[in-house]
Amino acid sequence: MKLKLTWLLTLFMAFVMQLSFGQEKDITGTVTAASDGLPLPGVTVLIKGTATGTSTDIDGKYSIKAKAGDILVFSFVSMKTTEKTVGSSSTINVAMADDIASLDEVVITGYSTTTKAKSSVSSVRVSSETIENRPNASFVQTLSGQVPGLNITTSSGQPGGNSLVQLRGVGSITGDTEPLFIIDGAPVDQDNFRSLNPQDILSVDVLKDAGATAIYGNRGANGVIVIKTRQGGFNEGLKINYNGFVAYSSLQDDDYDVLGAQDLLRYERSRGNGAGAGNSNSLFNPGNGTPLTDAQIAAAPNFNWTDFFFRTGVTQSHTVSLSSGGENSSQFTSFGFNDTEGILVQSSLKRFNIRSNITGKSSNGKFNYGTNLTLNYSDSGEPNNIGGGAINRNFVLGALQSVPYLTPEDYTNGAALLAPLSFTNTPLFLLDRVETFTRVDEEVRLIGSANFSYALSDWLTANLLMSGDYQAAQNLRAEGPTSFNALLFGGAENPTSGFQQQNNPRTFAYNQVTSLNASKTYGKHSVDVGLYTEYFKTHFRTFGFFQNGLDPRTFSPGDGSGFIPVALDPASGGIIFNDNPNADIINTGLFSYFASADYDYDERFGGSATIRRDASFRFAASNRWATFWSVSGRWNISNEAFMENSVFNNLKLRASWGTAGNQNIAAPVDATEDFFATGSGYGNANSIFLAQIGNRDLQWETTEQVNIGVDFGVWNNRLRGSLDVYERETSDLFQQTPLSATVGFTSQPANTGLLTNRGFDLQLDYDIIQAKNQGDLRVSVGVVANFNETELDELPNSEGEIIGLGRNGGRLGEYFTLRYAGINPANGELLFLTADGDVTENPNADTDRVWLGKNIIPDWNGSFNLNVDYKNFFFTTQWNYVLGVDRFDNDYAGFINEDNVGQFNFSADILRAWTQPGDITDINSPTATNRNTFASTRFLRDASYLRLRFASFGYNFPSKYLENTGISSARVFINGENLFTFTEWRGFDAETRSNGSREFPTPRTISFGFELGI
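Reading the values: the criteria
- Chains are numbered independently. Their residues run from 1 in the order of the written sequence.
- Reporting of local features is limited, given that this is a predicted model, to residues whose pLDDT is at least 70; pairs of side-chain atoms are given and counted only at 80 or more, and all residues count toward the totals for whole chains, interfaces and linings.
- With hydrogens and water set aside, each side-chain value is computed from the structure's full complement of heavy atoms.
- Helix and strand definitions follow DSSP, with helices as H or I runs of at least four residues and strands as E runs of at least two, each counted in order from the N terminus.
- Every radius of gyration here is taken over C-alpha atoms, with the globule rule written as 2.2 Å times N^0.38, N being the number of residues.
- Note on classification: 1.4 Å probe, protein chains only; a residue is buried when its accessible area is under 20% of the maximum for its type, exposed when over 50%, partly exposed between these limits.
- Whether two residues are in contact is decided by their heavy atoms, any of which lying within 4.5 Å being enough.
- To be clear on the numbers: accessible area is Shrake-Rupley with a 1.4 Å probe, and residue cover counts the displayed protein chains and nothing else.
- Lys and Arg are tallied as positive, Asp and Glu as negative. Neither His nor the chain termini are counted.
- In plain terms, the charge of a residue is placed at NZ if it is Lys, CZ if Arg, CG if Asp and CD if Glu.
- Any pair of nitrogen or oxygen atoms within 3.5 Å is treated as a polar contact; in protein, a donor-acceptor pairing is required on top of that, and neighbouring residues in sequence qualify only through side-chain atoms on both sides.
- UniProt positions are given in the numbering used here, feature names are shortened, and annotations may be inferred rather than shown by experiment.
- A patch is a set of surface residues, each over 30% in relative accessible area and not in a salt bridge, joined within 9 Å for like charges and within 5 Å for the nonpolar side chains Val, Leu, Ile, Met, Phe, Trp and Tyr.
- Criterion for a salt bridge: a side-chain nitrogen of Lys or Arg within 4 Å of a carboxyl oxygen of Asp or Glu.
- Being paired, for any two strands, means DSSP has found at least two bridges between them.
- Axis geometry follows a simple rule: fit a line to the C-alpha atoms, using only the stretch in contact for helices, then measure angles between N-to-C directions, giving values from 0 to 180 degrees.
- In plain words, nonpolar cores are sets of buried Ala, Val, Leu, Ile, Met, Phe, Trp, Tyr and Cys residues tied together by side-chain atoms within 4.5 Å.
- Only the six-membered ring of Trp is used, alongside the rings of Phe and Tyr, when aromatic pairs are assigned; centres must lie within 6.5 Å, and planes under 30 degrees apart are stacked while those over 60 apart are edge-to-face, with the rest tilted.
- Sitting over a ring, as applied to charges here, requires NZ of Lys or CZ of Arg to be within 6 Å of the ring centre and within 35 degrees of the ring normal.

(A) Highlighting the overall build of the protein chain. Each helix and strand in the protein chain was counted, giving nine helices and 52 strands. Against the globule reference of 31 Å for 1014 residues, the protein chain gives a C-alpha radius of gyration of 33 Å, in line with a compact fold. Considered along the principal axes of its C-alpha atoms, the protein chain spans approximately 135 × 70 × 65 Å. Within the protein chain, the proportion of its 1014 residues that are buried is 51%. Taking the contacts inside the protein chain whose residues are at least 6 apart along the sequence as the reference set, 69% of them involve residues at least 24 apart. Of the roughly 43200 Å² of accessible surface on the protein chain, 56% is carried by carbon and sulfur atoms. Across the protein chain, the mean location of the 74 positive side-chain charges is 9 Å away from that of the 106 negative side-chain charges.

See below:
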């Protein structure tokens, strides 16, 4: 009986086991990278031996039906294939180890992600390794030279100042030309990153072709830059990291070779004007009507005003981050502080940052969520009126052109400079401004996003992404009542002059994307489809005032205690102080619905398509909606059977074609409407008059782009890279078109003209020496290159050319001027070419000007880089280059302007000016009759350059040295920015994209820092 019972129980248990193994159940989990714990989207999950499978979503989550005993195969490009056997648990989490490459194999394509092998778009990822610990207050500056086709120009040394970012040329004439920036799903202002902490950034993806940007529709015409910030990892203990550095910034070198005091005084004596000639009305005039003797000249002070207005700026930056995670949640928190002293007096930036990123999921893995929030405060000191010729306001002018025989000891106060009023006292005017003028911009900025997803089934997911960007600023300018400027412009009738201007702009932008995404795999076929709606709304509010009249006894910048109420002149009855308030309200909005579809066959062939319908507040109802689209395809040639055993381990051909829109045009918000305004009319009576004639036909600028590209890797990826050839055509350009003056206006905004950009992007990396073991020598080099040319067409006039803009078939911004031909040896006059090429001293400015085929937009830009690792040392350099830029050197024009004698300093070149017949020189006679008569190419210079943009040297401490210290990682480094520049440009900064003068140049910076991990 006992034996029978045993057999019955055995049979029963076998039946139960067979039943349990044969029953399917839902298996869920998260797939992460073992190297950093980050989720991996797009991982293929297959049941071994079958065609049943799925893929992970954007958060690395997956769900699949499987039986106990089934083997799940996890595969992902660049990761080692992992197998897991299904047991009693319904949750299987996998950490995949690196194989050949790493995280950069995950590619962002619009609102979704995929693997690099399955991507058919042109995009480049920049990792945190090349962004963190660099002493740039704005992270945008660190991207320079790292992405082919991305041209970043920083024309100001102001800490945190704006950079001009253009992708694949200039996409509009008067509209927005910069890419859309997205931080953790939140669209943000592309011109203001001074308040954000670069240390929080995990990666930056640059989307370049229509296949990637068309899905962004109304804001994707100029490309898209997607920024992801750091996250915590699930099942991860607390990690604490510290990053800090101290940096020293200084003025870059110039080649103007300005005169010292003794040479300048001798030159003034020879010209019979200025302190050297004894007839100056400045505070330095020891000759008092008699030319200075050699002894007096030798005894004169020789002060360097460049070193006075420019200084060594000191920066300190500190960031502490904490990350941790449990089974169903994770967090990343950081605290940042940055204090940057600019190299120009009164320039500074102080910043405080807090970030909190949280991710989580339900226990069954169907519901996932994430929040990203950053709170930032910045206090920016910005010198005012930089650029141009304001001798009483522009510190850069004082630094460059002030006479060296004046010193700061000559300054007492503003009142002492009023009489006699002399341009020679320029540095003292500006020294007074340093003492009495205040400009401060304070900003509070919050950027937040929240994303939620729910798996309705193993193939269908609902998603919601909400984001907001809030900016509140206080902009203060105050000129003290005892300042030179206040006393000069106030005069005797306004003894308590001076002003305080304050503006308080506030902007809130809200964006919401709702989507339904489906993903199915059928054997070797996989299909992904997404349906989306997007809503965007901004609210702008500002209020400010301009207060005239300040009481010096109680005035303090930013405070109202010194304000003087409106006063009347007792003699005339006129208003002495007229205070002006201002206020504005602007609301804008966009709405869109769109769809995307992606197909893949066995990672050999694939394609994508998007279509998007957009509506913008800017246009009349008849033109409010527009449709944008794209198609793209790829062929993974290296995955074909005939490529086995070839030198190519990766070879992929890509192509895309599509359109994107630009509604951010340089026009009034309501350019389609007619407006009237009130003001003074006939007899000074209050009147109403026409202020704007609207154009109801105004519509979108549309950019159509074609891209063909190839990605390749040979010899086990020892040589790897990509090449893209593209053409972008922007139609319906927003421009001013002529109107008859009889309507009260001479022009009106309209859509007319074509602008084409065509060129190629190239990125190459080669491992010269590959490390066989950890610590072995590794040497790699890389090249980033872009060539781009612009072409205008269909300009809005019968001549097909607009001076300052260009001509049909020519370059955007092509110069149109007289051609300079040198100095006449016979008489020292300037020589020019006529339109026919004949030499003349008196050209006709109307008929002899010609198109030059040159402009300020570069033809080539990119970089060369070198990376060396040995043992635990590392060394990196990045050389940026720009070719085909032509700029007018108006600073040099001022340095050799003979009319400035006795007022400003000169370049030593002035000493070789023409003096007698037969002199062969490039400097005209001081008395040449045509010296300032004609604008020409005389000061047009090639501003191409090669610059050591970044260099880094450091050491990673081995873990054996950190045992029992409580420290898990440690690194020290020294970095340099803008260290050397090779160029024919003689000014301080060849990078500046401007034909202005006396601009604030970017600095040379050296920093020292360390990192600690606990």
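Now that the structure has been shown, we can carry on.
(B) Quick peek at the side chain of Ser632. Within the secondary structure layout, Ser632 lies in strand S28 (residues 625-636). In this structure Ser632 comes out as buried when scored by relative accessible area, which is 10%. Side-chain polar atoms of Ser632 contact the side chain of Ser120, separated by 2.8 Å. If we skip the residues at most four places from it in the chain, Ser632 touches Ser120, Gly211, Gly606, Gly607, Ser608, Ala655 and Ser656.

(C) A look at the UniProt feature "domain: TonB-dependent receptor plug" (unreviewed entry) in the protein chain. The sites that UniProt annotates as "domain: TonB-dependent receptor plug" (unreviewed entry) are residues 119-224. Along residues 119-224, the helical share is 4% and the strand share 26%, with 16 Å between the first and last C-alpha atoms.

(D) Structural view of a nonpolar patch on the surface. On the surface, a cluster of nonpolar side chains totalling about 680 Å² of accessible area is made up of Tyr248, Val314, Phe873, Phe875, Phe953, Ile974, Ile1006 and Phe1008. Of all the secondary structure elements, the ones that give two or more residues to the nonpolar patch are strand S46 (873-883) and strand S52 (1004-1013). Structurally, Tyr248 is set in strand S17 (residues 236-250). On the accessibility criterion, Tyr248 (39% relative accessible area) is partly exposed.

(E) Just the pairing of strand S30 (residues 675-680), in detail. Bridge count between S30 and strand S31 (residues 686-692): six bridges; the pairing is antiparallel. From the neighbouring strand, Thr678 faces S31, where its bridge partner is Ile688.

(F) Main features of the sheet that holds strand S3 (residues 53-55). Taken in spatial order, the four strands line up as S3-S2-S5-S6 in an open sheet, and their pairing is antiparallel. Taken across any chain shown, the strands that pair with only one partner, and hence form the sheet edges, are S3 and strand S6 (79-85). Sheet twist, expressed as the mean angle between neighbouring strand axes with direction ignored, is 20°. Taken together, the five bridges between strand S5 (residues 71-76) and S6 define a ladder with antiparallel strand orientation. Bridging across to S6, Phe74 finds its partner in Thr82.

(G) Seen up close, the side chain of Ser282. With respect to the secondary-structure elements, Ser282 resides in the loop between helix H3 (261-271) and helix H4 (294-299). Here the side chain of Ser282 touches Ser280 through a polar contact of 2.9 Å, side chain to side chain. Among the polar contacts made by the side chain of Ser282, one reaches the main-chain carbonyl oxygen of Phe284 at a distance of 3.0 Å. Not counting chain neighbours up to four residues away, the residues in contact with Ser282 comprise Ser422, Thr424 and Asn425.

(H) Spotlight on the environment of Arg613. Looking at where Arg613 falls in the secondary structure, it is placed in strand S27 (residues 605-616). Residue classification places Arg613 among the partly exposed residues on the basis of a relative accessible area of 29%. With 533 residues separating them in the primary sequence, Arg613 and Lys80 have C-alpha atoms 41 Å apart. Sequence-distant contacts of Arg613, defined by excluding residues within four places in its chain, comprise Phe591, Ser592, Tyr593, Trp625, Ala626 and Thr627.

(I) Structural context of the pattern of salt bridges. Counted under the stated rule, the structure contains 43 salt bridges. The partner of Asp469 in a salt bridge is Arg445, and the shortest N-O contact between them spans 2.8 Å. Of the two residues, Asp469 sits in strand S23 (residues 460-479) while Arg445 sits in strand S22 (residues 437-455), which places them 24 residues apart along the sequence. Each member of the pair, Asp469 together with Arg445, is buried. By sharing partners, the salt bridges in this structure join Glu132, Arg230, Arg971 and Glu1011 into a single network.

(J) Just a negative patch on the surface, in detail. On the surface, a cluster of negative charge is made up of Glu704, Glu729, Asp793 and Glu794. With respect to the secondary-structure elements, Asp793 resides in strand S37 (residues 778-793).

(K) Region of the structure containing the nonpolar core. In terms of nonpolar packing, the biggest core is built from 47 residues, with Leu265, Phe309, Phe310 and Tyr405 touching the most fellow members. At the level of secondary structure, the elements contributing two or more residues to this core comprise H3, helix H5 (305-309), helix H6 (395-401), helix H7 (426-436) and helix H9 (890-895). Among the elements that take part in this core, H6 stands out by supplying five residues, more than any other. With residues near it in sequence (within four places) discarded, Tyr405 still touches Ala261, Leu264, Leu265, Glu268, Ala275, Phe284, Pro301, Asp410, Thr424 and Gly902.

(L) Focus on H3. If you check which residues of H3 are buried, you get Ala261, Gln262, Leu264, Leu265, Tyr267 and Glu268. Tucked inside the fold, the buried residues of H3 contact H4. Of the residues one or two after H3, Gly272 is the one with positive phi, at around 75°.

(M) Fine view of the sheet that holds strand S43 (residues 839-840). With antiparallel pairing, three strands are arranged side by side in an open sheet as S41-S42-S43. With partners counted over all chains shown, the strands left at the sheet margins are strand S41 (819-823) and S43, one partner each. Sheet topology places S41 next to strand S42 (residues 830-833); four bridges connect them, and they run antiparallel. Within S42, the residue paired with Gly822 across the bridge is Leu831.

(N) Fine view of unusual backbone geometry. A cis geometry characterises the amide bond from Ala419 onward to Pro420, with omega recorded as -5°. Positionally, Pro420 belongs in the loop between H6 and H7. A positive phi is found at Asn385, a non-glycine position, where the angle reads about 60°. Secondary-structure assignment places Asn385 in the loop between strand S21 (367-381) and H6. Notably, Glu794 is not glycine yet its phi reads approximately 60°, a positive angle. If you trace the backbone, Glu794 turns up in the loop between S37 and strand S38 (801-802).

(O) Seen up close, the packing of aromatic side chains. Applying the stated criterion across every chain yields a total of 43 aromatic pairs. Measuring from ring centre to ring centre gives 5.3 Å for Tyr242 and Phe1010, while their planes differ by 45°; the resulting arrangement is tilted. With a gap of 768 residues between them, Tyr242 in strand S17 and Phe1010 in strand S52 connect regions that are remote in the sequence. Relative accessible area serves as the criterion here: at 37%, Phe1010 is assigned to the partly exposed category. Geometrically, the ring pair formed by Tyr532 and Phe594 is stacked, given 4.8 Å between the ring centres and 5° between the ring planes. Here Phe594 lies in strand S26 (residues 580-601) and Tyr532 lies in strand S25 (residues 525-548), a separation of 62 residues in the sequence. Using a relative accessible area of 4% as the deciding quantity, one classes Phe594 as buried. Following the ring pairs from residue to residue traces out a cluster consisting of Phe303, Trp305, Phe308, Phe309 and Phe395. Note that Arg887 overlies the ring of Trp985, its terminal NZ or CZ placed 3.9 Å from the centroid. Looking at Arg947, its charged tip hangs above the ring of Tyr945, at a distance of 5.2 Å from the centre.

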